[in-house]
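Survey of secondary and tertiary structure
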Amino acid sequence: MNLLFFLTPKQDVCVLKKDNTVRQAIEKLRAFRHTAVPVIDCQGRYCGTISDGDLLHVVIEHTDPKEWERIPISTLLQKTRNPAVRASTNVDDLLQSATEQNFVPVVDDYGVFIGIVTRKDIIRHFIAQSGQSNLKKQA
């Protein structure tokens, strides 16, 4: 099975640009009710993930909201958190990543962000498969 079967394409994913400010990130996470979103650069390459926890640390350290407009989210990115997988990654490796992340960012061979695979979509797929195999056993 190909991981692209599970892919939510980039155009259907809430993303932030690397040069967005903390204020813009807070507004977007709040508007979409997400706890984390992928961050891309101006060429569309995946840079990392920003979470509400990352933003909370800034809010606690910088209590004046005017300061949030001057802090780019690029200063908050951690390279090791939510690593992306390539579109050619096998499903076993995808499952391993999904056990540690709510969503797995997917990139092409050039590092360009093409979408995400959510843990929820993977679980739904296997539940549906399990239901189909149970129906086959009953027949």
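Residues numbered from 1 in each chain as written. Predicted model: local features only at pLDDT ≥ 70, side-chain atom pairs only at ≥ 80, totals over all residues. Heavy atoms only, no water.

**Digging into the sheet that holds strand β4 (residues 46-51)**
Inclusion rule: When DSSP locates at least two bridges between a pair of strands, those strands are taken to pair. For the purposes of this entry, the term helix denotes a DSSP run of H or I that reaches at least four residues, the term strand denotes a run of E that reaches at least two, and both are numbered from the N terminus.
With respect to topology, three strands assemble into an open sheet ordered β2-β3-β4, the strand pairing being mixed. Of all the strands in the sheet, just β2 (16-17) and β4 have a single pairing partner and so form its edges. Direction of pairing for β2 relative to strand β3 (residues 36-40): parallel, over a ladder of two bridges. Residue pairing in the sheet places Lys 17 in a bridge with Ile 40 of β3.

**Observations concerning the packing of aromatic side chains**
Put simply, the rule is: To pair, rings of Phe, Tyr and Trp, with the six-membered ring standing in for Trp, must have centres within 6.5 Å; the planes then decide the type, stacked if under 30 degrees apart, edge-to-face if over 60, and tilted in the middle. Summary of the burial criterion: residues with accessible area below 20% of their type's maximum are buried, those above 50% are exposed, and those between are partly exposed, where the area comes from a 1.4 Å probe applied to protein chains only.
Within this structure, the stated rule accounts for two aromatic pairs. Between Tyr 46 and Phe 113, the ring centres sit 6.3 Å apart and the planes meet at 25 degrees, which makes this aromatic pair stacked. A residue pair is termed long-range when its members are at least 10 positions apart, and Tyr 46 in strand β4 and Phe 113 in strand β7 (residues 113-118) qualify at 67 residues. Accessibility assignment for this pair places Tyr 46 and Phe 113 in one class, buried.

**As for helix α1 (residues 22-32)**
Defined as follows: Arc definition: it is the arc formed by the directions from the helix axis to the C-beta atoms. Contacts between residues were defined by any pair of non-hydrogen atoms, one from each residue, lying within 4.5 Å.
For α1, the set of buried residues is Val 22, Ala 25 and Leu 29. Considered in projection along α1, the buried side chains sweep an arc of 60 degrees and stay on one side of the axis. Among the exposed residues of α1, those oriented more than 90 degrees off its buried face are Arg 30 and Ala 31. Looking at the buried residues of α1, the elements they touch are β2, β3, β4, α2 (52-61) and α3 (65-68). Positive backbone phi, at 60 degrees, marks Arg 33, one or two positions downstream of α1.

**Things to note about the environment of Pro 9**
You can see Pro 9 is positioned in strand β1 (residues 8-9). Among all residues touching Pro 9, those that are not within four sequence positions of it are Ile 114 and Gly 115.

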